[in-house]
Each structure stands twice: as C-alpha cells, then as structure tokens.
Amino acid sequence: MPHSESDRPSTKRQKLDGVVKAPPAAKRGSTIFAPFRTIGLVSPTAVPFSSIPLGKTTFQITTSVGRALQTYDLKRGLNLVFVTRPQTPADITATHAWKEKVYAAWGDPRSGEPQGLWAFQRGKKAAELPLPADLDQPIKQILIFGSWIVACALTRIEVFKSATLEHYTTIFTAAAKKGDNEITGGVCNMPTFLNKIFVGRKDGWVEIWNVSTGKLIYTILPPSRECGAVTCLQPSTALSLLAIAYSEGPLVIQNVLTDKPVLQLMAGTEDAPVTCVSFRSDGQGAGQDGRKDGVMATATSVSGDVTFWDLNKGGRIMGVLRGAHNPPSHNKDVRGGVSKIEFLPGQPVIVTSGLDNSLKSWIFDESPFSPIPRILHMRSGHAAPVRCLQFLPSDFDGAEGGNKWLLSGGRDRSLWGWSLRRDGQSTELSQGAIRKKARKMGLLAAGSLSHGPTTTLDDLKAPEITCIASSLNRDGGIGAIPGKQMIWDKGNDKNKPTSAELSGATGWESVVTAHKDDPWARTWFWGRKRAGRWAFKTGDGESVSTVAMSSCGSFALVGSAGGSIDMYNLQSGRHRQRFPSRLTPAQLRQLKMQQLKALDEVNKLQTHSKPTFAPGTGRHSKAVTGIVVDPLNRTVISCSLDGKIKFWDFVTGNLVDEIDWAPMTKITACRYHPGNDLIAFACDDHSIRVVDVETKQTIRELWGCRGDINDFCFSNDGRWIIAASQDSVIRVWDLPTSHLIDAFRLEKPCTALAFSATGEYLAGAVEGDLGVQIWTNRTLFKHVPTRQISDKEIGQVAAPTASGEGGQGLIEAAFEAEAEEQPEDDGVTAPVIDQLSSDMMTLSLVPKSRWQTLLHIDLIKARNKPKEPPKAPEKAPFFLPSLGGPNPLVPPPAADSKDKQEGKSASGASRITQLDRTRNQQALTSKLLACGASGDYTPFIEHLKSLPPSAADLELRSLSPGNGDDDPATNELLHFVRALTARLAARRDYELTQAWMAVFLRLHFDLVVASPPLLAALREWRALQARERDRLDELLGYCGGVVGFLRSPRT
C-alpha cells in the first residue's frame, strides 16, 4: 500500500521545481486495480465441445468459455493444458478440433458484431480463414474431413480447402417457403462417402451435397410430415447408417444407400426433442451381459439426463443416467441441460458437457455389468450467477500462506472453493450422497421414464446460499472427525451423545452459511470439503438473514429476518446464548424491582446521563442484516433494518450500548476490520458510515454511490473501503482522508466483493455471470498516486477474461510502462510543502542506501579490492596474426596525445598535487566558501545530497583547513561543521547530518583535536544535538505511553 512504503517519498513532502497542476477531469480507468483473469468457467455456453485423440494414450477436449477456448487433457483427469490467446473479438459460435489445430468461428453479423474463423495451435492463434464479404449469418458448426473445411451457417454453407485455407465455394440451400431451408440439424459426413456432406433442414429434409462440385445429389425425406425439423445428424458405426433426430421426438436410423429406415424409435418428445446422439465404437455394452455391439446414447438440451439404447432386436432403453447435468430451472436462474455427448473412439468412455458449466467423463467398468456408467472425471463451476464471496483467512493445512482460497456461493445451491494458484484444486463442497438419496426416493427408478426425462436432484441440495462466515482456527484439515458423520442434523434431542471429545482432538467445522428462505444455518468442514454435522435454527423460526463466527472458531451466531440472534457452539452443536438473553424467574423478579426503583426521581436523574438497558430487552424489531464478534469475544455488534446498531455482552447476552439512526436510514450490511477496530455500515440512503467501536462515534460518512450498495469490504490493512453499487461502479475511499481515490465502471453491476488478506487480489461477481472476476492490486509493487477524484473522471474498464488476456499479474502490474498524458493548464495549483512544520524533525528524501553506503565505504572498497593482479593472456595459436606489429584495423596514436603523455611524465607532479592545484575550481569547495560568507548553507547541503557515496567520500576527504586558525574564512573544516549545525538547527535531514558528521570525524579527527575553533564549533553542534535528542525522546515516550494505554486490555 502507498502509506506503508518506507523508502518511497510521500506526496506531501515531495519538493518539485515547477508548479504542480491538477489533472483534468478526463475519463480514466482504475489506477489501483488491474484486471487479472476470470475463474470458474468450464463450459458455460451452448457451443458443443470438440475432442481429438492424441495417439493411443489420451484425448484432448476443447470447450468454449465465451471468447476463448480451454483445452483439457483426459489422461490427466481433465487437467487444463491450454487457454487460447488472443481472445476473439466476439463470442465463439462453433469449434472443431482437427489434427494439431482447433478451429473456432466467432461473431454474429445480425447483432452488428464482426465475424471471423480462426485456427489455434497449442493455445496460440496460428491462422485465419478468409470469409466471404456477403456472409451475414453466424457460423453454427464447423466440419473438417479429407481436404475440406465446411462452415455451416443458418441457410448457407461455406467450403474451404484444408491445405491452403482458401475459400472454395458457397452452397445455398433452397426452400419452397420462407424458413424451410434453415439448417437446424447441422452437417455431417460419413465414411466412404467421398466429398459428400449431409445437411439437416427445418422442413425435415436431409440433403446430400457434393462439396467438390457444389451440386445437390439427393434428398432424404422424413417418414411423415409430423416429424418436424431435423435436430441432429450422427453417422453410426455401421457403414451407410445415419441417425436422424426430429423435433417432434422420432429418431430414425436411415440407410442412405437404399433410402430406407432401418430402425425408428420415439427417443424424445415434442417438449424435449433429442439434440445430440452418439454411438459406442468399442464393440461392447449391449445385451444382457454387455458383450454385444449396438449402444446408442441420446440426450436433450431441456433435461440433464442421458439415455442409453440397445439397438439389437428393434431397440430398447437399457438405462438412463439421471442427473448427469443439472436440468434448467423453471425460472431460468439456474442453467442446465446437456449440450453434447460423445463416445470416445474405441473406449468405454462417454464425455458429456452441459449448460450447467460442467464437463464430465463417464466410464463403463462396473462389475457385474451395469448399463449405467460411473463418473470418471469432472470439471465444473457454478451453474448460476454467484451470490456471495469470501476469501479464507489462511490455508487450513498451514503449508502455504494465505490468499489462496476463495469461497463462493451461487444461486445453483452450491458452495465452491476456488484455488487462485492451481485450477485443478478448485472443488465444490460436498452435500452428501445426493444420487444415493435420489435412488432411495425413487427419483432414479425406471418407472419414471414413462413421463419423459425429468429430475429433481437439485431439490435435495441445501437452498441458495446468501451469506458465508468462516474461521480456520479450529479447522482440523482433512483429518477432522474421521469416519461417517451425520450431515446437518436438525434433531432437538438434547440427550443425544455428542462427539465433543473427538472433535476437540481433531478440530471441527470452520464454515457457516445462511440460506435463502430457510430457518436453518448450516455448517461445513473446509478441510474435508464436505457438509458439516450441524444445522442451527433461528430462535424465532424465521429465515436466516445473516451469520457470523467468532475469531476463535468455536461459536457461530445466527441472525433471523424476525430480529432474533442466537449463538451456538460449533464443537458440540449446542445452543449457548440468545441476544437478548432469556431471563430466568429470579431475573424477572429482579427486573421488576429495578423498574420500581426507577420510579424514584433521584434514580431518574442519576441514570439520565448514561442510558442503561434492562436484561432481556433490546431485541431488534426487523431483520438482522449484520453480526460481528470482536477478536477478544467480549462484544457482539449487530445491525438491522430498524436502523439501530446494538452492542451486546458476549457472555451474558445483555444489551450494553446502542446507536439509533432510525428513521433517518436503514442499515443493510456491516463489515468489521479488527486491526483498526472500525466497523462500516451500508445504509439504504446509498452511504457508508464508519463507526469507532471503542468510542461508539461515527467518524466517517462516505457518499457517492448512485444506486443501492450491493456489497462492500475493507482492504487488508483497513485503509480503504471498496464498494460495489447498482450503478455498475466500484468505488474506493481512503479512510484517513475520506476521499474517493479510485473508481471504475463495469458493463454490468457487481453483486459481490471480497478482498484478500494479503492485499493481492480483489474478487468480484458480476450480475448474470457464472465466473468470478479477479483484479490485482498495483500498489503492492509500485507507487500509485491516490488523489481525490470526481464522478466525471470515472471511466468504463474491460472486465478480466478467462484467458487472462489484457490482464496483468502482480509482476506485470508492477513493471508496466506508464504513458500518462501531461495535465493541461487549468489554473489550479497544488501546494508544494518541503517541511510540514518547523517544530517537526524531518528526514531527508535521499535513499537510505546512499548514506548507509557512505558510512561503510572503506569496508566496501576493501571487499571489492582484487585478490590478485590480472594474469597475462595465454599465447595465441600459431595461425593467428601477431599483435606486435602494426595492425591495419587499429588507428595509430595521435601525436598530440603522445606529447601530452610525455609532458605529464616529465613534469613529475603527482595526482595529489594536481588535485590541490585545482581545488579552487571545485564546485563543492566554492559552494561551501560562498555559503559560509553569506551564512546560508542550503545550496551546499543540496549539492552534497546529490552526490553519490563515492563522490561524497572523496569530497569529504578533500576538505582542508586552509590558512589555519588565523583565517577562519578559508577553513573548510570549520565551515562544514557550521553547515551541519545550521541544518540540525533547522530540524531537517536528520539522518544525513548524523552520517556526514560520523564520516567527517573519522577522516579529520587529528585536525579537529589540534584546532580550538573547530573544537568550539563541535561543542556547539553537540549541545544542539543533545537538546534535539532529549526532545525527540520525550515525544516518543509520550506517544508510546498513549499507544500502550489504548492497547491495554484493562482500559
């Protein structure tokens, strides 16, 4: 951070030669944060993945994440190996992997976007295919076979040559009426059909085209008019057999040589037609024992199920892989459905991708034989926009530093832990055996197939997460409470045995979450990446509105929408306290007695100055929006929509103090920074108010948001407050000055923010996006000016990308080249202050290394002295010319230089004598004598400060006493001591004067002792130094005592 950089000059004390002009109010991006990358994206679009075998050992699978491609290696467990750069100017619409390249089509001209077709190799752009100038449709599919590259648009097909990548021809499909020629089923080719492609149309026709001649060869008609449009074409493993799926549900396996249907199945419905088909090619999987050939898999984009068919004996359903991907929700908040399925060639493995942002591989290897595969590998992310974010304070295992893990809760009812160092370590926290529960409930039974592919697996998960609290002080890592444990126990049996002793030895839950429209808060094991044992209910039975955890990790606090606050022990799961506390009969009687005494007028006058709160009173009247526990577990702070901030005693549960902002505003959220003991509150009047917990006073009010505050957070050192509002702007305020120092606008509003504990990253979730965007903090490695800005200077910036292109890592952001425009002259000047006050001892702006090197210059020279004289070079080989004779490449020495050398040697004068002769012409000596005559030594000090350590040491050694004590005007030693004394009296450059004096005394100690005027000047300097030393010691002692008093737990 700028305020913590010790060796960088402060802006206030920076002395400039010219007048500093205020910069103009121009649009700008963020000066503090640089875009880094977006995490959490695997397959968020409807673009199907593409696969390609690499030899006989592995496959590479490429998915689209918007404007970039991500390639995964199946052998490494779907490990990410490539991310393409540069990213495309528009969203990718189709992909295809062929040999060593991956082709991607991007752009939609109908929306005014540019369009192109690029080829990538090992993540880098390798080629670009020229598109026709009249192409005004997006490319929906790419097909490569033989020597042809086929790009399928809505009603036209572009053909390229794969060898030269040049455009060959364009094929237009004709229609009897408008819209019938739309290509809805894509294109495919079949083995042994040279230069032929099959095109599925909206009117149900399948056309066969010769791409070499550009002619229509044949048209395959649908079985009936009621079949609808073609939705999918897929060649089978048997020659000349093509699977054709229609929008009304039929699936026909057609013999294209005889134009006769071989098999017709009702694989889909009108509401859920088959959109992708794949055939197993390893010759097994069908029959009762799975040893026959003929397995087909079908899926639809409106369901998350995959259906497996045995095509022998007329075809039958072997099984249904229920919930392979999330189904789309009714309100479309959670994405779902299968986008593509594909059997890998020659392998008992099927790869599926879904609109739920997931990529999975399944394998048929169960014994005894099962027609349903098991999961092999999986990469996924949130299937719905992210709702809340939080950085974990430190790693659970302690092997690495903090700042690695980021927790996120989404609208898809999942809790994810993202690793910012290795994507393969990111994982979703398990909520138990969901599929096993569904099987017991009959959701996966075969009888449910009669009503079409439906699933309710998502209903078995916990509701949508709205708030996250964590503390890893009691987390036991992967070994916390070993064995099988209950998940989210909601029982109220107080006599049940608890595993407190076992959890005390191994640790317990470390994450607590609140859920939408649910009265139960749930716990999670972070080390084991699974759901915890307890579910904590609100005291009034209302929905959970917020949760919090104590710093020790032993207690969880749950706030409700009705205003109640309850505290639970995470080790035992028992209820420990209620805020306000529940009164016993004895306490009720005591409360009545206190109320009777309050009728006395004397007691009223005594209690008027300081309000007191009776035990059991002070409950919030509306929803609790924030709970904070101080680090010492002494105070609980809560805020609510009723506009009140309440301070509770942690042990007794009684109300201690209260701040009432009602009806002026309602409090929507709060954030606490333990380092500076400040708590910030977001209010519904679009402001953020900062309160000092010790004094209970409002110390800052931050205004500027033009919409509701979605989320906000402190920086890691508590100096900044970063807020995201509904006006799509992220603002940064500086707390010491309460100035708006940075702001940038995004394309869409940011809904969640989190700042890492080490200050490296700022994480944000954008409305409607599945990924989490990461920005880096530039101020960690470079100085960033943080002047106050206005709303007119807020500019729009590009969000971080999945490929990281255009983003900056920590090192890149530190060493980026700055090309800022010079500010225009607008008549506004900034004050230039060299010293804040004449009573303040000021240090110099000279780097610390300069004067430290000067102090140890003799040691450095001795260390750098060569250990042995240079050796003569070895004799050159005999075939090289001798250097003794004249060399035509080397010019002869000039005559004048030779004469100079002879004259210098003849004179016999040493270098010391020459240095003594030219002493009067030296700049430092002349400045010193001139300043001594005028009494102002400032020019001499400034010149000495500009010298490097070696030059300064030489100048100090060269000081001479002049004519001695008889002529003080020429005594350079005396003038030097007076210059340092004047600088010390001005209370400036304190560390430099000390260093210079130490070097001066070490060099000229003998001359100083023998000169009475020098001794008198040194006594004056010593007296002044002692006085300043005592004054500084007194000030430091006073400040240390005040800080110790404030930090003492007894005060």
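Located above this text is the structure these notes cover.
Worth saying up front: this structure is predicted, and the values here are computed from it rather than measured. (Residues numbered from 1 in each chain as written. Predicted model: local features only at pLDDT ≥ 70, side-chain atom pairs only at ≥ 80, totals over all residues. Heavy atoms only, no water.)

**Structural notes on the sheet that holds strand S4 (residues 58–64)**
Item 1. The 4 strands lie next to each other as S3-S4-S5-S6, forming an open sheet whose pairing is antiparallel. Here the strands that pair on one side only, and so sit at the sheet edges, are strand S3 (50–54) and strand S6 (79–83). Within the sheet, the average angular offset between the axes of one strand and its neighbour, ignoring direction, is 25°. (Pairing = 2+ DSSP bridges. Helix = DSSP H or I, 4+ residues; strand = E, 2+ residues; numbered from the N terminus. Axes fitted to C-alpha atoms, helices over the stretch in contact; angles between N-to-C directions.)

**Describing the packing of helix H13 (residues 972–985) against helix H14 (residues 990–1003)**
Item 1. Remark: H13 packs on H14, axes separated minimally by 10 Å, with the N-to-C direction vectors making an angle of 155°. Viewed along their axes, H13 and H14 adopt a mutual orientation that is roughly antiparallel. Handedness of the crossing formed by H13 with H14: left-handed. Along its contact with H13, which presents Leu973, Phe976, Val977, Leu980, Arg983 and Leu984, the element H14 presents Tyr990, Thr993, Gln994, Trp996, Met997 and Phe1000.
Item 2. Class assignment of the residues belonging to the contact of H13 with H14 gives a composition of 9 nonpolar, 2 polar and 1 charged. (Parallel < 35°, antiparallel > 145°, perpendicular 65-115°, else oblique. Left-handed = near helix turned anticlockwise from the far one by under 90°. Contact = heavy atoms within 4.5 Å. Nonpolar A, V, L, I, M, F, W, Y, C, P; charged D, E, K, R; others polar.)

**Things to note about the side chain of His96**
Item 1. Along the chain, His96 turns up in strand S7 (residues 92–98).
Item 2. At 3.3 Å, the side chain of His96 forms a polar contact with the backbone oxygen of Ile142.
Item 3. Apart from residues lying up to four places away in sequence, His96 is in contact with Ser50, Lys101, Val102, Tyr103, Ile142 and Ile144. (Polar contact = N/O pair within 3.5 Å; in protein donor to acceptor, adjacent residues only side chain to side chain.)

**Structural notes on the pairing of strand S51 (residues 709–714)**
Item 1. Of all 6 residues in S51, 5 are buried; the element is thus mostly enclosed.
Item 2. Bridge count between S51 and strand S52 (residues 720–725): 5 bridges; the pairing is antiparallel. Residue Asp711 lies in a different strand from S52, and its bridge partner there is Ala724. (Buried < 20%, exposed > 50% of the residue type's maximum accessible area, 1.4 Å probe, protein only.)

**Brief notes about helix H16 (residues 1012–1047)**
Item 1. In a regular helix each residue adds 1.5 Å, so 36 residues correspond to 52 Å; H16 covers 52 Å between its end C-alpha atoms and thus fits that length.
Item 2. Along H16, the residues classified as buried are Leu1014, Ala1017, Leu1018, Trp1021, Leu1024 and Glu1028.
Item 3. For H16, the elements touching its buried residues are H13, H14 and helix H15 (1005–1009). (Expected span 1.5 Å × (residues − 1).)

**Notes on helix H10 (residues 923–934)**
Item 1. Spanning 12 residues, H10 covers 16 Å between terminal C-alpha atoms, matching the ideal 16 Å at 1.5 Å per step.
Item 2. By the burial criterion, the buried members of H10 are Leu924, Thr925, Leu928, Cys931 and Gly932. In a view along the axis of H10, the buried residues occupy a sector of 135°, so they form one face of it. In H10, the exposed positions that point more than 90 degrees away from the buried face belong to Ala933 and Ser934.
Item 3. Where H10 is buried, its residues contact helix H11 (938–946), helix H12 (949–957) and H13.
Item 4. In the segment just after H10, Gly935 is the residue with positive phi, at about 90°. (Arc of directions from axis to C-beta.)

**Things to note about the pattern of salt bridges**
Item 1. Enumeration according to the criterion identifies 45 salt bridges in this entry.
Item 2. Linking Arg280 and Asp282 is a salt bridge whose minimum nitrogen-to-oxygen distance equals 2.7 Å.
Item 3. For Arg280, a relative accessible area of 4% translates into the label buried.
Item 4. We classify Asp282 as partly exposed; its relative accessible area is 23%.
Item 5. Lys340 serves as the salt-bridge partner of Glu342, at 3.4 Å between the closest nitrogen and oxygen.
Item 6. One salt-bridge network, in which partners are shared between bridges, spans Asp858, Lys861, Asp953, Arg957 and Arg1002. (Salt bridge = Lys/Arg side-chain N within 4 Å of Asp/Glu carboxyl O.)

**Considerations on the environment of Gln60**
Item 1. For Gln60, the location among the structural elements is in strand S4.
Item 2. According to the relative accessible area criterion, Gln60 is buried, its value standing at 17%.
Item 3. Sequence spacing of Gln60 and Val81 is 21 residues, and the spatial spacing of their C-alpha atoms is 9.0 Å.
Item 4. Residues in contact with Gln60, not counting those within four places in the same chain, are Ser50, Ser51, Ile52, Leu54, Thr71, Tyr72, Val81 and Phe82.

**Let's talk about the sheet that holds S51**
Item 1. Judged by pairing direction, the sheet is antiparallel, and its 4 strands sit side by side in the order S51-S52-S53-S54 without closing on themselves. The sheet terminates laterally at S51 and strand S54 (739–745), the two strands that pair on one side only. Averaged over all pairs of adjacent strands, the angle between their axes in this sheet comes to 20°, without regard to strand direction.
Item 2. As paired strands, S52 and strand S53 (residues 729–734) are joined by 5 bridges and run antiparallel to one another. Its bridge partner lying in S53, Ile722 is registered against Val732.

**Overview of the nonpolar core**
Item 1. Within the largest apolar cluster, 33 residues are counted, with the highest numbers of intra-cluster contacts made by Phe940, Leu944, Leu959, Phe976, Leu980, Trp996 and Phe1000.
Item 2. Every element with two or more residues in this core is listed here: helix H6 (848–855), H10, H11, H12, H13, H14 and H16.
Item 3. Excluding its chain neighbours within four sequence positions, the residues that come into contact with Phe940 are Leu924, Lys927, Leu928, Cys931, Phe976 and Ala979. (Core = buried A, V, L, I, M, F, W, Y, C linked by side-chain atoms within 4.5 Å.)

**Describing the packing of aromatic side chains**
Item 1. Under the criterion given, the structure shown has 20 aromatic pairs.
Item 2. Where Trp106 meets Trp118, the ring centres are 5.2 Å apart and the plane angle is 70°; that geometry is what we call edge-to-face. Linking Trp106 in strand S8 (residues 101–106) with Trp118 in strand S9 (residues 116–121), this pair joins segments that are 12 residues apart in sequence. Each member of the pair Trp106 and Trp118 is classed as buried. (Phe/Tyr/Trp six-rings, centres within 6.5 Å; stacked < 30°, edge-to-face > 60°.)

**As for the packing of H11 against H13**
Item 1. With their axes 10 Å apart at the nearest point, H11 and H13 run at an angle of 95° to one another. Of the possible angle classes, the one that applies to H11 and H13 is roughly perpendicular. Contacts between H11 and H13 pair Thr938, Phe940, Ile941, Glu942, Leu944 and Lys945 from the former with Phe976, Ala979, Leu980 and Arg983 from the latter.
Item 2. Here the contact of H11 with H13 is composed, by residue class, of 6 nonpolar, 1 polar and 3 charged.

**Points about the environment of Lys748**
Item 1. As for its position among the elements, Lys748 is in the loop between S54 and strand S55 (750–755).
Item 2. In this structure Lys748 comes out as partly exposed when scored by relative accessible area, which is 34%.
Item 3. Through-space distance from the C-alpha of Lys748 to that of Asp727 is 8.3 Å; in sequence the pair is 21 residues apart.
Item 4. Apart from the residues lying within four places of it in its own chain, the contact partners of Lys748 are Ser728, Val766, Glu767 and Asp769.
Item 5. There is a polar contact of 2.7 Å between the side chain of Lys748 and the side chain of Asp769.

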